[in-house]
Amino acid sequence: MNPLFDFLNRLAANNDRPWFQAHKAEFDGLRDRWFADIDRLIAACSAWEPQYTYLSGKDSTFRIYRDTRFSPDKTPYKTFFSAALTPRGKSAPMAGFYISAGVNPDQCGIFGGMWCPDRDQLRKMRHAIVDNIEEFSAIVEGIDATGLYGDWCGDKLKTIPKGWERDHPQAPYLRLLHYGREHAVTPDFFADPAWPERAAEIMRPLKPLNDFINYSLFEE
């Protein structure tokens, strides 16, 4: 078994601080390897996204510690490794990429786009899509043609948002609450020594979507 997933499976079965502290050295080694792999991912992505040149694997990786303050699940550790790439860092409120390797099927995947835009960002995106529908449709068609990505991720409004005609021709896009697509992978994906370079090629078709989102949100 891949050492990363061997560790994560054992962590899932022993998700408490004493076990984690007893295996901290093992975790540190796996985390350093993850940093190095994300550095390779960044380097591969930088060939077609120069804005990522100054990112690092360490700064792009999320902590393994869970925020349990408002959750009924008080287990202290995540059972996945993850990282995000955007031009302004992993936590910037903008479009980018997210990659995760975890013990559950929904914890393994490659995501591109923007998750959880706020109300003002949703308003900007809806107007940008309607005002530039030919450009946006071409971007979506290009993504669909690759066969790499499923439908739009996340929840959608049941009805058209307030202020738009109920039979608006772009209603499916106006009902979106997130603007992202996901490529599901299995743990075997991360067993391939070349997975960072493979992930970069999977991500590449979503660059036009990220560019459209970020331009729409931040244009003056």
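Everything that follows concerns the structure shown earlier in this document.
Thresholds applied
Residues numbered from 1 in each chain as written. Predicted model: local features only at pLDDT ≥ 70, side-chain atom pairs only at ≥ 80, totals over all residues. Heavy atoms only, no water. Salt bridge = Lys/Arg side-chain N within 4 Å of Asp/Glu carboxyl O. Helix = DSSP H or I, 4+ residues; strand = E, 2+ residues; numbered from the N terminus. Buried < 20%, exposed > 50% of the residue type's maximum accessible area, 1.4 Å probe, protein only. 1 Å grid on protein atoms, 1.4 Å probe; cavity = no way out; pocket = protein on both sides within 12 Å on 5 of 7 lines; lining within 4 Å. Points joined across faces, edges and corners; volume = space filled by probe spheres on them. Nonpolar A, V, L, I, M, F, W, Y, C, P; charged D, E, K, R; others polar. Pairing = 2+ DSSP bridges. Axes fitted to C-alpha atoms, helices over the stretch in contact; angles between N-to-C directions. Contact = heavy atoms within 4.5 Å. Expected span 1.5 Å × (residues − 1).

**Topic: the pattern of salt bridges**
The final tally for this structure, using the stated rule, is 15 salt bridges. The shortest N-O distance in the salt bridge between Asp28 and Arg31 comes to 3.4 Å. Note that Asp28 and Arg31 are positioned in helix 3 (residues 24–46) at a spacing of three residues, about one turn of the helix. A relative accessible area of 21% places Asp28 in the partly exposed class. Exposure remark for Arg31: the relative accessible area of 28% places this residue in the partly exposed category. The salt bridge involving Asp37 is made with Arg40; its shortest N-O contact spans 3.5 Å. With Asp37 and Arg40 both in helix 3 and three residues apart, this pair spans about one turn of that helix. Overall, the relative accessible area of 31% leaves Arg40 in the partly exposed class. Through salt bridges that share partners, Arg33, Asp37, Arg40 and Glu197 make up one connected network.

**Overview of the layout of surface pockets**
Approximately 680 Å³ is the volume found for the largest pocket. Lining the largest pocket are 26 residues, with Phe62, Ala84, Tyr98, Phe111 and Trp115 positioned closest to its centre. The element best represented in the lining of the largest pocket is strand 3 (residues 109–114), accounting for five residues. Looking at the lining of the largest pocket residue by residue, the classes come out as 15 nonpolar, eight polar and three charged.

**Considering the sheet that holds strand 3**
Overall, antiparallel pairing links the four strands, which are arranged 1-2-3-4 in an open sheet. The outermost strands of the open sheet, each flanked by one partner alone, are strand 1 (80–85) and strand 4 (179–184). In this sheet, adjacent strand axes meet at a mean angle of 15° when their direction is disregarded. Summarising the sheet, strand 1 and strand 2 (residues 96–102) pair through six bridges and their orientation is antiparallel. By the bridge assignment, Ala84 is partnered in strand 2 with Tyr98. Taken strand by strand, helix 1 (residues 3–13) contacts strand 1 and strand 2, and its axis lies near 70° from that of strand 2.

**A look at helix 10 (residues 207–218)**
Under the 1.5 Å per step criterion, the end-to-end length of helix 10 is 16 Å for twelve residues, consistent within 8% with the ideal 16 Å. Within helix 10, burial applies to Leu209, Asn210, Phe212, Ile213, Asn214, Ser216 and Leu217. Against strand 2, strand 3, helix 5 (119–131), helix 6 (133–146) and strand 4 lie the buried residues of helix 10.

In short, geometric facts, not functional conclusions.
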